[in-house]
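Next come the chains, spelled out residue by residue.
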Amino acid sequence: MSTTAREDEVLGATTGLGSDVVLEPVSDEVGVRARGYWEQVWRRFKRDRVAIGSIFFLVFVVLVCYPGAWLAERQIGHSPSDPFTDGIDDGLIPVGPWSKVYNPFTDEDQILVLGASDTLGRDEFLRLLYGGRVSLQVAVLATIGVMIIGTILGAVAGYYRGWIDTIISRLTEITMAFPALLFVIALASTVGSRLNDVTFGGVLAPGVVTLVLVFWAFGWFYPARIIRAKVLSLREKEFVEAALMTGASDWRIIRSHLLPHLAAPIIVYSTLVVAGYVLAEAALSFLGVGIPLPTPSWGNLLSSAPEFYTSQPWLMLWPGVAVVLTTLAFNLLGDGLRDAFDPRSRL
Amino acid sequence: MVQYLVRRLLWAVVLFLAVTIVTYVIFFLVPANPARLAAGQAATPERVALVEERLGLNDPIYEQYWGFLKRLVFDGSLGESFVDRSSVNDEIFRAAPITASLVFGAMILVLVISVPIGILSALRPRSVLDRVAMTYVLLGISLPSFWVALVLSYIFGFKLGWTPIAGYCEVVSVPQAANCGGFGDWAYHMVLPWLALAIVQAGIYVRFVRAEVMDTMTQDYVRTARAKGAPERKVMKDHILRNALLPVITILGMDIGLLLGGAIFIETVFGLNGLGGTAIRSIGQFDLPVLQGVVIFGAVAIILFTLIVDLVYAWVDPRIRLT
Amino acid sequence: MKGRFSFSVVMALLGVSLLVAATAAGGTTGPSASDKQAVKKGGTYRILGTSDFDHLDPALSYFTHSWNWQGATQLRMYYYPYVKGAASQRIAPMAATGLPRVSNGGKTYTITIKRGFKFSNGQNVTAANFKRAFDRAVNAKLQSPASSFLDDLASVRTQGALGLQITLKRVAPDFLARITMPFFSAVPTSFPLDAEVDKGPIASAGPYYVQEWNKKTSALAVRNPNWKNNVEPFKSLGFANNVDRITYSGIGGDLATHRLQCERNEADLCGFPTTQAKELADKYGVNKGRFQVDQDLLVWRVDLNNEQPLFKNNAPLRKAVLHALDRRFMTAQHGFLAGKRTDQFIPYGMGGFKEHDIYSLKGPNYAKAKSLATPGALRGGKAVFYAFNRAQGPPVAQSVQFNLKQIGLDVEIKLFDRVVQNTKAATRGEAFDITHEGWHADYPDPANFINVLLDGRRLQAENNVNTSYFSGAGVQNWTQKLDAAYSASGAERLNLYAALDRDVMANAAPTAPYISGTSRRLFGPEVGCYVANGQVGTVIVNICKT
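Worth saying up front: this structure is predicted, and the values here are computed from it rather than measured. (Residues numbered from 1 in each chain as written. Chains lettered and ligands numbered in written order. Predicted model: local features only at pLDDT ≥ 70, side-chain atom pairs only at ≥ 80, totals over all residues. Heavy atoms only, no water.)

Draft legend 1. Summary view of the overall build of chain A. Regarding its fold elements, chain A presents 13 helices and two strands. Looking at chain A as a whole, 60% of its 347 residues qualify as buried. Here the analysis covers contacts within chain A between residues at least 6 apart in sequence; of these, 72% occur between residues at least 24 apart. Of the accessible surface of chain A, which amounts to about 13,600 Å², a share of 65% is contributed by carbon and sulfur atoms. (Helix = DSSP H or I, 4+ residues; strand = E, 2+ residues; numbered from the N terminus. Buried < 20%, exposed > 50% of the residue type's maximum accessible area, 1.4 Å probe, protein only. Contact = heavy atoms within 4.5 Å. Areas by Shrake-Rupley, 256 points an atom, 1.4 Å probe, with all protein chains shown as cover.)

And the structure:
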């Protein structure tokens, strides 16, 4: 079949999520030479200031969103969902940064650091911090699931070949024939809305589970294809042959001979996929089919911004910058990791 | 070749069946009563029951699917809208040209941007141009497309007033009621949507073209050609570009298929009432036949373009049809 | 009766209807800049709307922006005149020779049609054409919304070519007002009784007719060639009919974009985002020609479900809710100049409205509310709110949620598309406690509010408009009072309705009205001769390009 004959090209045929790494040449020469290999990778990575900077930035984002949001809320004295009557002017326009609003419950004036976020006069600053939590939850959980499903299916298909491979490959092709975006939107807003209340006791924000599941359903096949191609080529290698001849079990071969080789593509691809899902969450929420209100997410904050773009353009700026910087950081980190793992990579 | 063709066509049919089955099943699960919706706002319970009967909603789901498939394949009918009882085919025929205008125009622009940049960048790795190009690539994959679209519409449409902000003009059969029409108006209204879609898409293509060209340059046949003393221009044209750009065209074909059902964000921002807008609207109103119609149209587009790409590829590269 | 709410209000908040049509009582206000400018004949009047017409067949058309077109294309027997001031509130004949002759103890109306009106296809307009409208309205298969306005219709007969005799089952003082609705326009007898006419050209007897309707894209109306302004019967109507063509486009577009198109003279009438109303008012002034605001007969309210466990026979908690709401904030969510805060069911400007001052309009009165919301009354303190997911739906719901949290009621908001939310809330027995609804008068009579929305005898399994499911508990002899007010007339009728409004809001508190709305319109730079009409919105037959 044609599809196997031009594996590489097909792998790149994606408009969406993290489609760029898939063309990475599967370089077998960089063999797993025990610790030496990882040391080399680390040495190369350390020198990459952009990638290190990205890591610091991402750690900063996580700190700001997790303990940060909670601390800020305690410090400021109101929650991200408290409406403020004087957070809007008489034209229904949210007030600008550093505005004073009256809190009837504490009977004192409070400062909205970045102004109000919407026509309810809620605190943009707090919503940005809490929104980051949601965006990160969606992106990270979606990536973990997609990578696990993709790696298992890809490895099984590549290792066992034969009819298992045929089934998995055909499944992949069928999934690829779906207009994924339309399906994601249709599912998220219809069937998925039943799951909006699943929050695992408040650990996740409402709607996160829905988005994550939908992303899993349509995202697994990219990693599956990469891992399959990689395993197919590793399968032919002498050390696998040798292991097979010594009678090692399949599990043992996969664990100690294949997985170490797969670490690099998995790590690199994951970082790029995370970036893709940060964008995807923002995009779906922008269309109003992502995270349900009143839960803040970066996409939700962006979607309410355009109506104020003549009056309060900064409302497009804050969440926009948050999304762009975060995706950029993940992408730069991914590039850095790839260079570290394979300095001759051309992408 | 014939055998390959038949195999490929059969597989396309399998894909089509798979997509329609899944689509049908999923929309069957939607938490709303389809007959209630189909019967309309003012319907009595008796009428709802009647509609239920007519739509065959009392039959087992596989029979319903079979009926749906028969109508689709033999009558070419996607059914009628629950909301206004209009034909879904008409809706698709109205919306598809709009989305197609957007996608094809933007993809041409993508090629115009990415091919020269990608090639130059591959020929001079680590040059200033290459670095700028790689930065662009990074931005292209990091920027949300709707955000780019909003910013473009804000700057060029709103602040500078160089282009219309939104709307679509028919090229042929312009209705009398339309406020604009003809090729000029059409292109003028499409400039910003094309740019917005192309800017984001082109990033990926620059990277891809660059990689393909670099990869091809190290191939044996290129070295051989050079060793034989072929002029550099000829090597570039006949050996490198020809082979490097073929895969690009492949991806392009598949992306076009994908985008025909998925250019929703750009359509939304620029008020293009194409397939994406139709899908979003029908989701909100639980207008399942229309949603289903758009999804199936999108899937057919993907299957069709993949098929075309495969066939063209097989025709150009004889090795493939032998495998 | 069904009322124009489910469509017009749905559409208005979806940003669909540009024209939240006012009803005749409010009529017209404000001088139009064009009064001073030269009136030009000819040109095209370009309307932008984000959503298509529901129908253009007068028997089915019910969206606000569809009625706007019917105003230009249809010939009715009676209408609320297209003038400013008090005269706009008195029903006048359009195709009829005069007011009907009423006999049979007020149950039979005899109407004579003027000779000389012609359809765009050349046919003469006769009484049979109006009879056709009634016949189509009551046809079960056509499912016209008009059928709900004809519950009390006994028979319609023609008498000769131009006479029409309508007999009712019982006395109905609002009957004449009802037949001013565009449903009862003259239609060719060739229009099928049980099927919609939706392919242009659609023959009609008004000054214009629909030549083209490209669904989900655009529509075009042009002059009725048989309408002659300078001879009778046309002349005495005094319609200017300045523009040659009327177009409708912009479907699927974005309100912010439409606004800019009107500002750049790419269109003549546009919608705009609520959050830009202030900006437009500052830029063009209010009622100076470009940005027009008219009092409307429209009330938005938060309904409490009187049939679900939480609020059933629980007047103290319902009153507590009405005390706790922040009507100022909720009203603000509709945007600048969107209307006045209210705590009453009958809108400002409607006959029968009297200021009663029952609940606080300034902000929540938590002290009063908390004293009523005892643990017993709270019944566990959990409520489900069906809200819609666009425009002011989410912010209003969240404002209510916040207010009620302060009195110990936890509100869970469920968001739906407007049409879905409305359908669900209209189903009796659906498990919600609170829902968000608006009602727009079909014709200016308090019966169109009180009797239609608060009479428990009208409740059915589905498609209810009484979404508070109120049937009178808490007000003594409610149904008798309803009937008495309905069949009364003159000043007595209005007094009775005012008393009903006070009784129901103060004693039973089944629902929480919070804004009595206006309609706001943005025009392009070349539009003049603006007059607003309650039923058809901007009077297109009067509009001129300058």
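Draft legend 2. Inspection of the domain arrangement of chain B at higher detail. All names here are of chain B. We note that the domain assignment places domain 1 (2-75) and domain 2 (95-322) within chain B. Taken residue by residue, the interface counts 17 residues in domain 1 and 17 residues in domain 2. Both sides together, the interface formed by domain 1 and domain 2 hides about 1,500 Å², and carbon and sulfur atoms give 82% of it. Across the domain 1-domain 2 interface, the total number found is one salt bridge. A salt bridge links Asp-310 to Arg-8, with the nearest nitrogen and oxygen atoms 2.4 Å apart. Scanning the region where domain 1 abuts domain 2 turns up one residue pair in polar contact (both at pLDDT 80 or more). (Domains from an automatic or database assignment. Buried area = accessible area lost by both parts, 1.4 Å probe. Salt bridge = Lys/Arg side-chain N within 4 Å of Asp/Glu carboxyl O. Polar contact = N/O pair within 3.5 Å; in protein donor to acceptor, adjacent residues only side chain to side chain.)

Draft legend 3. Representation of helix α15 (residues 490-508) of chain C within the structure. Residue and element names in this part refer to chain C. For α15, with 19 residues, the first-to-last C-alpha span of 27 Å sits near the 27 Å given by 1.5 Å per residue. Along α15, the positions that sit buried rather than exposed are Arg-493, Tyr-497, Ala-498, Leu-500, Asp-501, Asp-503, Val-504, Met-505 and Ala-508. Elements in contact with the buried residues of α15: α7 (315-324), α13 (450-454), α14 (478-487) and β17 (511-523). One or two steps after α15, the chain reaches Ala-509, where phi turns positive at roughly 45°. (Expected span 1.5 Å × (residues − 1).)

Draft legend 4. Expanded view of the interface of chain B and chain C. Tallying the contact residues gives 29 residues for chain B and 29 residues for chain C. For the chain B and chain C pair, buried surface summed over both sides reaches about 2,600 Å², with 48% attributable to carbon and sulfur atoms. Remark: the boundary between chain B and chain C carries zero salt bridges. Of all the secondary-structure elements, those providing two or more residues to the side of chain B that touches chain C are α2 (34-39), α3 (45-54), α5 (88-123), α7 (145-159) and α12 (275-284) of chain B. Partitioning the side of chain B that touches chain C into residue classes produces twelve nonpolar, eleven polar and six charged. (Nonpolar A, V, L, I, M, F, W, Y, C, P; charged D, E, K, R; others polar.)

Draft legend 5. Structural context of the state of the cysteines. All names here are of chain C. Summed over all chains, the structure comprises two disulfides over all chains. One disulfide in the model links Cys-262 with Cys-270; its S-S distance is 2.1 Å. Its S-S torsion of about 90° marks the bond between Cys-262 and Cys-270 as right-handed, since a negative value means left-handed. Grouping residues by exposure puts Cys-262 and Cys-270 together as buried. The disulfide bridge from Cys-529 ends at Cys-544, spanning 1.9 Å between sulfur atoms. Where Cys-529 bonds to Cys-544 through sulfur, the torsion about that S-S bond is close to 80°, and the disulfide is right-handed. Here Cys-529 is found in the loop between β18 (527-528) and β19 (532-533), whereas its partner Cys-544 is found in strand β21 (residues 544-545), with 15 residues between them in sequence. Just as Cys-529 is buried, Cys-544 falls in that class too. (Disulfide = S-S within 2.5 Å.)

Draft legend 6. Geometry of the interface of chain A and chain B. The partner chain B presents 63 residues to the 52 residues of chain A that form the contact. Between chain A and chain B the total buried area reaches about 5,400 Å² when both faces are included, carbon and sulfur atoms providing 77% of it. For the interface between chain A and chain B, the tally reads one salt bridge. The partner of B:Arg207 in a salt bridge is A:Asp335, and the shortest N-O contact between them spans 3.2 Å. Counting across the chain A and chain B interface gives four residue pairs in polar contact (both at pLDDT 80 or more). For the side of chain A that touches chain B, the secondary-structure elements that each account for two or more residues are α1 (2-5), α2 (7-12), α6 (162-176), α7 (180-189), α11 (250-286) and α13 (314-341) of chain A.

Draft legend 7. Inspection of the nonpolar core at higher detail. Counting residues in each nonpolar core, the largest one holds 160 residues, and the members touching the most others are A:Phe215 and B:Phe146. No other element matches helix α8 (residues 183-217) of chain B, which puts 16 residues into this core. There are two domains that each give this core at least three residues, and those are domain 1 (2-75) and domain 2 (95-322) of chain B. Each residue touching B:Phe146, except ones within four places of it in the same chain, is listed here: A:Ala282, A:Ala283, A:Phe286, A:Leu302, B:Phe265 and B:Val269. (Core = buried A, V, L, I, M, F, W, Y, C linked by side-chain atoms within 4.5 Å.)

Draft legend 8. Highlighting the packing of aromatic side chains. Tallied over the entire structure, the rule returns 46 aromatic pairs over all chains. Between the aromatic rings of A:Phe215 and A:Tyr277, the centroid separation amounts to 4.9 Å while the plane-to-plane angle is 40°, which identifies the pairing as tilted. Taken together, the residues span a long stretch of sequence, with A:Phe215 in helix α8 (residues 208-219) and A:Tyr277 in helix α11 at a distance of 62 residues. Overall, A:Tyr277 belongs to the buried group, its relative accessible area being 2%. Centre to centre, the rings of C:Phe117 and C:Phe234 are 5.3 Å apart; their planes meet at 85°, and the pair counts as edge-to-face. Taken together, the residues span a long stretch of sequence, with C:Phe117 in the loop between β5 (108-112) and α3 (127-138) and C:Phe234 in the loop between β9 (218-223) and β10 (245-249) at a distance of 117 residues. Joined through ring pairs, the aromatic side chains of C:Tyr62, C:Trp67, C:Phe134, C:Phe149, C:Phe183, C:Phe184 and C:Tyr443 make up one cluster. Against the face of C:Tyr348 rests C:Lys340, its NZ or CZ located 4.4 Å from the ring centre. (Phe/Tyr/Trp six-rings, centres within 6.5 Å; stacked < 30°, edge-to-face > 60°. Lys NZ or Arg CZ within 6 Å of the ring centre and 35° of its normal.)

Draft legend 9. Broad picture of the pattern of salt bridges. Residues and elements named next belong to chain C. In total, this model carries 37 salt bridges over all chains according to the counting rule given. Where Asp-198 meets Lys-215, a salt bridge forms, and the shortest distance between an N and an O atom there is 2.6 Å. Remark: Lys-215 occurs in the loop between β8 (208-214) and β9 and Asp-198 occurs in the loop between α4 (175-178) and β8; sequence separation between them is 17 residues. Linked through salt bridges whose partners overlap, the residues forming this network are Arg-259, Glu-263, Glu-279 and Lys-283.

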